[in-house]
Amino acid sequence: DASDITTGTMGAVTLGSTVVFPSGHVTNVFKFKDTSTATLNIQTSTITVAGVFSFSAISGRHYIVTGSQFISPYRYSGSHNRRFQTMYLYYGTTARSSLDTTVDTLMFSGGCGHYVLENSTVEAADHSVFSYNGSFTAGSTATHYVYTAVNTVGSDDRARVYSTANEPHVMNIFEVMP
């Protein structure tokens, strides 16, 4: 009976299913690293899935998502001063895979890239890291899918998204008690 313990050290302990954790307590951390998807070259304004991770979520618990993915917007044709792509972070309970064009619930989005000094036909690719944060509360106990997506800003732009050994896509998901 643990109520009898007043001093000393306890070794490994298995907690029973009736243990109540306080609100805000982190109960699990899911760590992901994708080095196998390679480089995706996106040539469309349609939002396209770029990197998917899945985990088992528990209904009512909060999930905080943080991560980063290497990107490289560039000019494909025409003459302009913009080198941009838009990156997104989504979650849902429907299985998704890279290059899907159906998405779920948006958590975060942002434009990534740069302008060159004047209109130019030079590719002038940007190479940077898309860092993201998002959160959601699971509506069901089920496998949840958390993923990035991308689209181009203009018809002359192209977007690259990396998940390679040298440029991995990493994501951490913190499960928090309500």
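The rules behind these values
- Residues numbered from 1 in each chain as written.
- Predicted model: local features only at pLDDT ≥ 70, side-chain atom pairs only at ≥ 80, totals over all residues.
- Heavy atoms only, no water.
- Helix = DSSP H or I, 4+ residues; strand = E, 2+ residues; numbered from the N terminus.
- Buried < 20%, exposed > 50% of the residue type's maximum accessible area, 1.4 Å probe, protein only.
- Contact = heavy atoms within 4.5 Å.
- Areas by Shrake-Rupley, 256 points an atom, 1.4 Å probe, with all protein chains shown as cover.
- Salt bridge = Lys/Arg side-chain N within 4 Å of Asp/Glu carboxyl O.

Student: Where do I start with the overall build of the protein chain in this structure?
Tutor: The helix and strand tally for the protein chain stands at zero helices and 11 strands. Along the protein chain, helices and strands appear, N-terminal first, in the series β-β-β-β-β-β-β-β-β-β-β. Within the protein chain, the proportion of its 178 residues that are buried is 39%. Partitioning the intrachain contacts of the protein chain with sequence separation of at least 6 by distance along the chain shows that 85% fall at a separation of at least 24. When the accessible surface of the protein chain is split by element, carbon and sulfur atoms take 50% of a total near 9300 Å².

Student: Looking at this structure, how should I read the pattern of salt bridges?
Tutor: Opposite charge on two side chains makes pairing possible when the charged atoms of those side chains draw close. Applying the stated criterion across every chain, the model contains two salt bridges. As a salt-bridge pair, R61 and E175 come within 3.1 Å of each other at their nearest N and O atoms. Of this pair, R61 sits in the loop between strand 3 (48-57) and strand 4 (62-71) while E175 sits in strand 11 (residues 169-176), placing them 114 residues apart in sequence. On the basis of relative accessible area, E175 is assigned to the buried category, the value being 3%. The residue D104 makes a salt bridge to R96 at a minimum N-O spacing of 2.9 Å.

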